[in-house]
Amino acid sequence: MKKARYEPYFYIAPAFFLVAVLLYYPIVMNFLYSFHSFKAYSSDMTFVGLKNYLTLLTDSRFLTAISNNLIFLVLNLIFQVGVALLLAILVENVAQNRFGKLCRTIYYIPSLFSITAIAIMWQFIFEPSVGLVNNLFRAVGWDSLVSIKGLLGQESTAIYTVAAMPQWQFTGYFMMLLVVAIQKIPDEYYEAAEIDGASKFRQALMITIPMVKEMLLVTVVMTVISTFKSFAEVYQLTMGGPGYSTLVVGMYSYQSAFKFDRMGYSSAMGVVIFIITFAFSVIQLKVSRSGEEL
Amino acid sequence: MHKKKICWRRLPIQLFLLLLNVIVLYPIFWILINSFKSTSEFLQNSFNLPSVLHFENYLKAWSSGLNRYFLNSVFISVVSIFFTTLLSSLAAYGLTRFRFKFRGALFTFILCGLSLSIESSFVPLFKLFQSIHLYNTQFGVILLYIAFRIPLTVFLMRSYFISFPKDIEEAARMDGCSSFAIYWRMILPIGKPILASSALMNLIFTWNEFLTALIFLEDQDLMTIPVGLNALKGEMLQEWNIQLAAVVIASIPLIIMFLCMQKQFVKGLTAGSVKG
């Protein structure tokens, strides 16, 4: 390797500059902004100290948003980690044939659609009069389940209907990550277990899961991070409604900035999202740098 | 005998996997058939196959704005992927093939950018772009896409470049090659696989990205597919068939690419382990 004084800096400078100006600078400014009150199209700024943060603690919209993020989190962990792991084991170790391969490909496909496209599909599926779900209920005679406003339109079910969308879309994506991790396990382990007469279930428990635990941790962390960054699905399906029953923090932060014109308040929520996602990203970087994965 | 017994025991699992295939594929199929129906036809029955294929739904979706959004998406994706790849490979080259004082610190600085997201910094970026007149320009969005993809791309390329043996460049240097010539004629050609899989990952990202485009592109003429499709939805509230046709057009490029080059997708996916 060459010892050099200035040369490498020229190679790194453009990337460094963009990252510094467009990633780091805004994060620092966002922190400072969160102590101020100001509007989108005016340069006046008033220092308000911790007021934005104190308001957050008593704002029922924000509290709803946080609890909705937690609902998302629980469902995302169940499906995108739990079910994804189950499916990965089933398609790799139990159905080791062309059918397993086909399933793998098909389950992965939804993650390639944009959220906008899936959201239009989702709205159409849950549309009260022509939608798939209500039509299905009518067809099998479960008329009591047919909801006049649609599952997305009534407060009691809207949040779960929104939260179901990322499960349909991304469970297969996380399954694929785990499939690749499973494929790296040497075959001899399973052959030895087979000779000992271990059942597929025991093999999954004693070999597969311990061997993929690093990737499993990565998927947990990725899920947590993406949960607290949730925005597009809510924006496109319900805009946070009906009422504010499906608000999530990302959505409320966006609304505060561009609908209610409370930029400082929005920044404070940005800081909340930053702290949560940053903490988990650090874990992710630690895990993936220590492991053989990368 | 033995084999047959196992097959029977696995039947419930096979059925379960099959059911999941239906859950994934049926909605997509349902979208597809309804995108070809006339409005009155799908209002009557959305389960039947279309009696006549109404291709004009697709023409209408395309000409009512999607053509514009499609071109914008292609333009923004191509430009931002090109520069992300160029700048990241330069940085990864600098970080792996030289020894210098701040190497570790610079790498950590760029890598930690991975944990910073647009969701927690859009207010200052909005203010910044307003003041330097990048708000509501495609150039501004391209800059953001490049900057936000650099950390991951540098990370991937670095771990690939670092494994190249040193002696090849030593020989080249003896022959009087400049360090840039080594980057251009040796590192880039050998690094092609990682350039390709990171470009593919960045394509999936830029093609589907929503929040940045929503905030920073106000004019409909400038919008990318995800934001444009959302705008289209507002304009054609009752025309589900047109909306669905638009969904199909918007989704086709990535699906076809995936079906043609599955291996590369999976490679990029695991190398990155970081979703959008």
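All values derive from a computational prediction rather than experimental measurement.

## Here's the deal with the overall build of chain B
Step number 1: Within chain B, the secondary structure is distributed over 13 helices and one strand.
Step number 2: When the helices and strands of chain B are listed from N to C terminus, the series reads α-α-α-β-α-α-α-α-α-α-α-α-α-α.
Step number 3: Relative to the 2.2 N^0.38 estimate, which gives 19 Å for 276 residues, the radius of gyration of chain B is 24 Å and therefore markedly larger than a compact globule would have.
Step number 4: Along the three orthogonal principal directions, the C-alpha set of chain B runs to about 75 × 70 × 35 Å.
Step number 5: Expressed as a percentage of its 276 residues, the buried residues of chain B come to 45%.
Step number 6: Across chain B, contacts joining residues at least 24 apart in sequence account for 77% of those joining residues at least 6 apart.

## Notes on the overall build of chain A
Step number 1: Along its length, chain A carries 13 helices and three strands.
Step number 2: With the C-alpha coordinates aligned to their principal axes, the bounding extent of chain A is approximately 75 × 75 × 30 Å.
Step number 3: Per-residue burial for chain A yields a buried fraction of 47% across its 294 residues.
Step number 4: Excluding contacts between residues fewer than 6 apart, the proportion of contacts in chain A whose partners are at least 24 apart in sequence is 70%.

## Remarks on the environment of A:Phe201
Residues and elements named next belong to chain A.
Step number 1: Structurally, Phe201 can be placed in helix α9 (residues 200-211).
Step number 2: A tally of 10 C-beta atoms within 10 Å means that Phe201 is categorised as exposed.
Step number 3: Separated by 176 residues in sequence, Phe201 and Tyr25 have C-alpha atoms that sit 51 Å apart.

## Remarks on unusual backbone geometry
All names here are of chain A.
Step number 1: Of note, the amide linkage connecting Gly241 to Pro242 takes the cis form, showing an omega dihedral of -5°.
Step number 2: Among the structural elements, Pro242 can be located in the loop between α11 (232-237) and α12 (249-258).
Step number 3: The residue Asp261 is not glycine, and still its phi comes out positive at about 55°.
Step number 4: Of note, Asp261 is situated in the loop between α12 and α13 (263-290).
Step number 5: Judged by C-beta crowding, with 14 C-beta atoms within 10 Å, Asp261 ranks as partly exposed.

## As for the interface of chain B and chain A
Step number 1: Opposite the 77 residues of chain B that make contact, chain A presents 71 residues.
Step number 2: The element that contributes the greatest number of residues to the side of chain B that touches chain A is helix α1 (residues 2-34) of chain B, accounting for 11 residues.
Step number 3: Here the residues of the side of chain B that touches chain A sort into 51 nonpolar, 19 polar and seven charged.

## A closer look at the environment of B:Gln220
Residues and elements named next belong to chain B.
Step number 1: By the secondary structure assignment, Gln220 is in the loop between α10 (211-216) and α11 (225-235).
Step number 2: Assessed through the 15 C-beta atoms surrounding it within 10 Å, Gln220 is described here as partly exposed.
Step number 3: Considering only alpha carbons, one finds Gln220 and Phe29, 191 residues apart in sequence, at a separation of 30 Å.
Step number 4: Not counting chain neighbours up to four residues away, the residues in contact with Gln220 comprise Gly65 and Ala231.

## Concerning α12(A)
Step number 1: With nine of 10 residues buried, α12(A) is to be regarded as a mostly interior element.
Step number 2: Within the sequence span of α12(A), burial applies to A:Val249, A:Gly250, A:Met251, A:Tyr252, A:Ser253, A:Tyr254, A:Gln255, A:Ser256 and A:Ala257.

## Focus on the nonpolar core
Step number 1: If you look at the biggest cluster of nonpolar residues, it comprises 159 residues, and the most contacted ones within it are A:Ala15, A:Ala88, A:Leu178, B:Ala91 and B:Ala246.
Step number 2: No other element matches the 16 residues that helix α7 (residues 155-183) of chain A contributes to this core.
Step number 3: Ignoring anything within four residues of it in the chain, the contact list for A:Ala15 reads B:Leu87, B:Ser88, B:Leu90, B:Ala91, B:Ile110, B:Ile150 and B:Val154.

## Some points on the confidence of the model for chain B
Residue and element names in this part refer to chain B.
Step number 1: For chain B, the mean per-residue pLDDT works out to 88, and 95% of the residues sit at or above 70.
Step number 2: Mean pLDDT values over the elements of chain B span from 73, in helix α13 (residues 262-272), up to 96, in α10.
Step number 3: For this predicted complex, the interface score ipTM comes out at 0.88, alongside a pTM of 0.90.

## A look at the environment of B:Thr137
All names here are of chain B.
Step number 1: Relative to the helices and strands, Thr137 is located in the loop between α5 (122-131) and α6 (138-161).
Step number 2: Taking the C-beta count within 10 Å as the criterion, Thr137 has 16 such neighbours and is therefore assigned partly exposed.
Step number 3: With 26 residues separating them in the primary sequence, Thr137 and Leu111 have C-alpha atoms 28 Å apart.

## Regarding the packing of helix α3 (residues 56-96) of chain B against helix α9 (residues 192-208) of chain B
Residues and elements named next belong to chain B.
Step number 1: Interaxial distance between α3 and α9 falls to 9 Å at its minimum, and their mutual angle equals 140°. The angle between α3 and α9 falls in the class oblique. The hand of the α3/α9 crossing is right-handed. Residues Ser73, Ile76, Ser77, Ser80, Ile81, Thr84, Thr85 and Ser89 of α3 form the contact with α9, whose own contacting residues are Leu195, Ser198, Ala199, Asn202, Leu203, Thr206 and Trp207.
Step number 2: Residue composition of the contact of α3 with α9, by class: six nonpolar, nine polar and no charged.

Rules used in this analysis
Residues numbered from 1 in each chain as written. Chains lettered and ligands numbered in written order. Predicted model: local features only at pLDDT ≥ 70, side-chain atom pairs only at ≥ 80, totals over all residues. Helix = DSSP H or I, 4+ residues; strand = E, 2+ residues; numbered from the N terminus. Rg over C-alpha atoms; globule rule 2.2 N^0.38 Å. Buried ≥ 20, exposed ≤ 12 C-beta atoms within 10 Å, placed from the backbone. Contact = placed C-beta atoms within 7 Å. Nonpolar A, V, L, I, M, F, W, Y, C, P; charged D, E, K, R; others polar. Core = buried A, V, L, I, M, F, W, Y, C linked by C-beta atoms within 7 Å. pLDDT = per-residue confidence, 0-100. Axes fitted to C-alpha atoms, helices over the stretch in contact; angles between N-to-C directions. Parallel < 35°, antiparallel > 145°, perpendicular 65-115°, else oblique. Left-handed = near helix turned anticlockwise from the far one by under 90°.

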